[in-house]
Amino acid sequence: MTADALTGSAEPYRRGLPRPGALLRAASDAVPPSGLVLLAILSVQIGAGFAKELFSQLSPSAVVFLRIAMGALVLGVVARPRLKGLTRADLGVGVAFGATLGLMNLSFYEALARLPMGIAVAIEFLGPLGVAVAASRRRLDLLWVALAGSGIALLAPWGQAAGLSLVGIGFALIAGACWAAYILLSAAVGQRFPGTGGVSFAMIVAVLLVAPVGIGMGGADLLQPELLLIGLGVGLLSSAIPYAIELEALRRMPKRVFGILMSLEPAMAALVGLVVLGEVLNVREWAAIGCVVIASVGATRSPH
């Protein structure tokens, strides 16, 4: 549907008024690329905060289903996957990519149900950090590994007074491993699928895999209009909006700088958890998150 069909007339544009698409592009161009990356990170974490608010009404697996289903719906409209000309190997890579995406979201939301947001994201961030270090041959990167390990050691529930969930930490580690696999598979998907069709295809696969457990746990509650609306918001904030913003940012900045800025995600998650959810972290937990952030920045800055 064109803008003219929405307005009922093309006359406004004949008078020289800018089109909505031009306005959006002008707005994005007015924001520096570093600001776009921070907006994308903020969008993802606010989406996670809203998702965690739903845990009082739905199980984490049901919330994951809502998020992925809504995200797949939006991406399917924007970038419908084209399967014509793809080989079985191509489809196999796409299915693996989608399965990884589904498991990553399931395990992360299970961790989010048991841990503060900042801590869950910090542990999950070990996945991309591991990929960055594995691609390097510099001895300096051993320092970043040790620093990240120190951060996780600070988070480990030592002693009887520790309040962090071992199960939650385990789910966050699984999510981190899936995130690493997601990064590695995304390159293969980008080579085999045209445009953004690979991501859209993967979202559909993830929906099909998550649906049995998500629908089984959510049941008829998933049909409540209020929950569907919140699920749509979570899907937009966590998938569609940040994906579009990140693409625009990558168009205007080096990938190395983009990676450095993305390393701030655990700290942003902790701040959103504090403001949105009232999750107050102690000094030890903030220090642990700081270790992971510094390690991620260092590993990204190191020339590979």
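Below is a summary of the structure that appears in this document. This structure is a prediction, so every number in the text was calculated from the model and none was measured. (Residues numbered from 1 in each chain as written. Predicted model: local features only at pLDDT ≥ 70, side-chain atom pairs only at ≥ 80, totals over all residues. Heavy atoms only, no water.)

1. Structural notes on the pattern of salt bridges
So, point 1. For the structure on display, the rule yields 2 salt bridges.
So, point 2. A salt bridge links Lys52 to Glu279, with the shortest nitrogen-to-oxygen separation between them at 2.5 Å. On the criterion of sequence distance, the pair formed by Lys52 in helix α4 (residues 33-53) and Glu279 in the loop between α14 (265-277) and α15 (283-301) is long-range, its members being 227 residues apart. Note on accessibility: Lys52 and Glu279 belong to one class, buried.
So, point 3. Across the pair Arg114 and Glu110 runs a salt bridge, and its minimum N-O distance is 2.8 Å.
So, point 4. You can call Arg114 partly exposed: its relative accessible area is 36%. (Salt bridge = Lys/Arg side-chain N within 4 Å of Asp/Glu carboxyl O. Helix = DSSP H or I, 4+ residues; strand = E, 2+ residues; numbered from the N terminus. Buried < 20%, exposed > 50% of the residue type's maximum accessible area, 1.4 Å probe, protein only.)

2. Focus: the environment of Leu173
So, point 1. When you line up the elements, Leu173 lands in helix α10 (residues 166-192).
So, point 2. Considered as a pair, Leu173 and Val121 are 52 residues apart in the sequence and their alpha carbons are 9.8 Å apart.

3. Comments concerning the side chain of Glu124
So, point 1. Inspection of the secondary structure assignment puts Glu124 in helix α7 (residues 117-124).
So, point 2. Despite being buried, Glu124 has no salt bridge partner; Arg67 is the closest side chain of opposite charge, sitting 7.8 Å away.
So, point 3. In this structure, Glu124 is in contact with Met104, Phe108, Ala172, Ala175, Gly176 and Trp179, ignoring residues within four places of it in sequence. (Lys, Arg positive; Asp, Glu negative; His and termini not counted. Contact = heavy atoms within 4.5 Å.)

4. Quick notes on the packing of aromatic side chains
So, point 1. Following the criterion strictly, the structure yields 4 aromatic pairs and no others.
So, point 2. Between Phe55 and Tyr109 the ring centres are 6.1 Å apart and the planes differ by 65°, which places this aromatic pair in the edge-to-face class. One end of the pair, Phe55, is in the loop between α4 and α5 (60-78); the other, Tyr109, is in helix α6 (residues 88-112), and 54 residues separate them in sequence. For the pair Phe55 and Tyr109, one class covers both residues: buried.
So, point 3. An angle of 85° between the planes, with centres 5.2 Å apart, marks the rings of Phe125 and Trp179 as edge-to-face. On the criterion of sequence distance, the pair formed by Phe125 in the loop between α7 and α8 (126-134) and Trp179 in helix α10 is long-range, its members being 54 residues apart. Like Phe125, the residue Trp179 is buried in the burial classification.
So, point 4. Clustering of aromatic rings is evident, with ring pairs tying together Phe55, Phe108 and Tyr109. (Phe/Tyr/Trp six-rings, centres within 6.5 Å; stacked < 30°, edge-to-face > 60°.)

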